[in-house]
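What follows is each chain in one-letter form.
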Amino acid sequence: MHLTRHTDYALRLLMLLAVEPEALHTIEEVSRRYEISRNHMMKVAQTLAQNGFVESLRGRGGGLRLGQAPEEISLGAVVRACEDNFALVECFDPARNTCRIAPACGLKGPLEEALGAFLAVLDEYTLADLVKKPGSFGRIRRLIPA
């Protein structure tokens, strides 16, 4: 399984918002701190806001903050919201499947099962699990310069 940069950046943004909940964070600030393109971060923030993970406050003094408690944000839900394609192999997408052996192939079943297991494991973890270890808050803050 491979996660896109979009999902990677989404998880990073959520972790920052979780370790610094007292502040509103602008897209410019987050993109600078992570050294990520502003355009990428804007798309990520939009996806997260559309799915209720992030609240976006407009206007002067606005910014981003978590839309839910860290304990309520499932990693599996974030990945599902951010990934646009779970087609591990060509035959997962009937519209584009040109595989000659698809009707007789036994690969699709195990791969579907593996994808389900991957997402099920992520469903067991929340954003809080990523940042709750002793010292995580401070370490993450030090690694992302203000």
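Please refer to the structure placed before this passage.
I'm lost on the environment of His 2 in this one. Help?
Structurally, the position occupied by His 2 is in the segment before helix H1 (5-19). C-alpha separation for the pair His 2 and Asn 39, spaced 37 residues apart in sequence, amounts to 22 Å.

What is the right way to read the pattern of salt bridges from this model?
Pairing of side chains with opposite charge becomes possible as their charged atoms draw close. One pass over the full model with this rule turns up seven salt bridges. Through salt bridges that share partners, Glu 20, Glu 29 and Arg 33 make up one connected network.

Whenever I open this one, the nonpolar core confuses me. Can you help?
One recurring pattern in soluble globular proteins: nonpolar side chains tend to sit buried together. Core analysis: the biggest nonpolar cluster contains 35 residues, and Leu 13, Leu 14, Met 41, Leu 48 and Val 78 have the highest contact counts within it. If you list the elements that add at least two residues to this core, you get H1, helix H2 (27-34), helix H3 (38-50), strand E2 (63-66), helix H4 (75-82), helix H5 (108-123) and helix H6 (127-131). With nine residues, the single largest contributor to this core is H1. Ignoring any residue separated from it by four or fewer positions in sequence, one finds Leu 14 in contact with Leu 48, Phe 53, Val 54, Leu 66, Ile 73, Val 78 and Leu 127.

How should I be thinking about the side chain of Thr 7 in this particular structure?
As for its placement among the helices and strands, Thr 7 is situated in helix H1. Of note is the side chain of Thr 7, whose polar atom sits 2.5 Å from the side chain of Glu 83. The residues contacting Thr 7, other than those within four sequence positions of it, are Val 79, Cys 82 and Glu 83.

Sorry if this is basic, but what is going on with the side chain of His 25 here?
As for its position among the elements, His 25 is in the loop between H1 and H2. At a separation of 2.9 Å, a polar atom in the side chain of His 25 contacts the side chain of Glu 29. Those residues in contact with His 25, other than ones at most four positions away along the chain, are Leu 16, Leu 17, Glu 20, Val 30, Arg 33, Gly 63 and Leu 64.

I tried to follow H2 on my own but got confused; where do I start?
Structurally, the α-helix is built with 3.6 residues per turn, so residues lying three or four positions apart point the same way. A large share of H2 lies buried, amounting to six of its eight residues. Its buried side turned inward, H2 meets H1, H3 and E2. Downstream of H2 by a residue or two, Glu 35 has a phi angle that is positive, lying close to 55°.

How should the packing of H1 against H2 be read in this particular structure?
Geometry of a packed helix pair, given as the angle between the helix axes and the separation of the axes. The N-to-C vectors of H1 and H2 enclose an angle of 110°; their axes lie 11 Å apart at closest approach. Here H1 is positioned roughly perpendicular relative to H2, judged by the angle of their axes. Along its contact with H1, which presents Arg 12, Leu 13 and Leu 16, the element H2 presents Val 30, Arg 33 and Tyr 34. Residue composition of the contact of H1 with H2, by class: four nonpolar, no polar and two charged.

Before we go on, may I ask you to explain the environment of Glu 112 in this structure?
Checked against the element boundaries, Glu 112 lands in helix H5. Between the C-alpha atom of Glu 112 and that of Gly 63, which follows or precedes it by 49 residues, the distance is 39 Å.

For this particular structure, what's the right way to read the pairing of strand E1 (residues 54-57)?
In summary, the side chains of a regular strand alternate between the two faces of the sheet. By the bridge criterion, four bridges tie E1 to E2 in an arrangement that is antiparallel. Following the sheet pairing, Ser 56 is matched in E2 by Leu 64. Between E1 and E2, which pair antiparallel one after the other, the connecting turn spans five residues, and Gly 59 there sits at a positive phi close to 85°.

Any chance you could explain the packing of H4 against H5 here in plain terms?
Two numbers describe how H4 lies on H5: the axes approach to 6 Å, and their chain directions differ by 130°. It follows that H4 is oblique to H5 by the angle criterion. Contacts between H4 and H5 involve Leu 75, Gly 76, Ala 77, Val 79 and Arg 80 on the former and, on the latter, Leu 119, Leu 122 and Asp 123.

About the thresholds
- Residues numbered from 1 in each chain as written.
- Predicted model: local features only at pLDDT ≥ 70, side-chain atom pairs only at ≥ 80, totals over all residues.
- Heavy atoms only, no water.
- Helix = DSSP H or I, 4+ residues; strand = E, 2+ residues; numbered from the N terminus.
- Salt bridge = Lys/Arg side-chain N within 4 Å of Asp/Glu carboxyl O.
- Core = buried A, V, L, I, M, F, W, Y, C linked by side-chain atoms within 4.5 Å.
- Buried < 20%, exposed > 50% of the residue type's maximum accessible area, 1.4 Å probe, protein only.
- Contact = heavy atoms within 4.5 Å.
- Polar contact = N/O pair within 3.5 Å; in protein donor to acceptor, adjacent residues only side chain to side chain.
- Axes fitted to C-alpha atoms, helices over the stretch in contact; angles between N-to-C directions.
- Parallel < 35°, antiparallel > 145°, perpendicular 65-115°, else oblique.
- Nonpolar A, V, L, I, M, F, W, Y, C, P; charged D, E, K, R; others polar.
- Pairing = 2+ DSSP bridges.

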